[in-house]
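Single-letter residue listing:
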Amino acid sequence: GIRIRVAVNVRRHRLALGITQAELAARLGIDRAYVSALERGLYNPTIERLDQMARVLGADPADLLQPVS
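Owing to the predicted nature of the structure, the values given are computational and were not obtained by experimental measurement.

Reading the values: rules and limits
Residues numbered from 1 in each chain as written. Predicted model: local features only at pLDDT ≥ 70, side-chain atom pairs only at ≥ 80, totals over all residues. Heavy atoms only, no water. Axes fitted to C-alpha atoms, helices over the stretch in contact; angles between N-to-C directions. Helix = DSSP H or I, 4+ residues; strand = E, 2+ residues; numbered from the N terminus. Parallel < 35°, antiparallel > 145°, perpendicular 65-115°, else oblique. Left-handed = near helix turned anticlockwise from the far one by under 90°. Contact = heavy atoms within 4.5 Å. Buried < 20%, exposed > 50% of the residue type's maximum accessible area, 1.4 Å probe, protein only. Arc of directions from axis to C-beta. Core = buried A, V, L, I, M, F, W, Y, C linked by side-chain atoms within 4.5 Å.

(A) Quick look at the packing of helix α1 (residues 2–17) against helix α4 (residues 47–57). Relative to each other, α1 and α4 sit at 25 degrees, their axes nearing to 10 Å. Judged on the interaxial angle alone, α4 and α1 are roughly parallel. The crossing of α1 and α4 is left-handed. Facing Val6, Val10, His13, Arg14 and Leu17 of α1, the residues of α4 in contact are Leu50, Met53, Val56 and Leu57.

If you want it as structure tokens, here you go:
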């Protein structure tokens, strides 16, 4: 589903930047546990959070919704 797409794409972009979940969380001003759960597909981020994550990851929000293989 869409949560898994977001999860995989957030993780892929985060790893491409070479940052940890804790670093991403700090840049977003959120808890690392939220990033962990998001990357496991447990959370459904709001549009605002999706936009914020995309900006921090240097991506377009649409990039985080792309199908994964």
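(B) Local environment of helix α2 (residues 21–28). Along α2, the residues classified as buried are Gln21, Leu24, Ala25 and Leu28. Looking down the long axis of α2, one finds its buried residues gathered within 100 degrees of arc, a one-sided arrangement. The inward-facing, buried residues of α2 contact α1, α3 (32–39) and α4. In the segment just after α2, Gly29 is the residue with positive phi, at about 70 degrees.

(C) Molecular detail of the nonpolar core. Counting 14 residues, the largest nonpolar core has Val10, Leu24, Met53 and Leu64 as the members making the most contacts within it. Take this core: its biggest share by element is 4 residues, from α4. Aside from chain neighbours lying at most four places away, what touches Val10 is Leu24, Leu38, Glu39, Met53, Leu57 and Leu64.

Keep in mind these values describe shape, not function.
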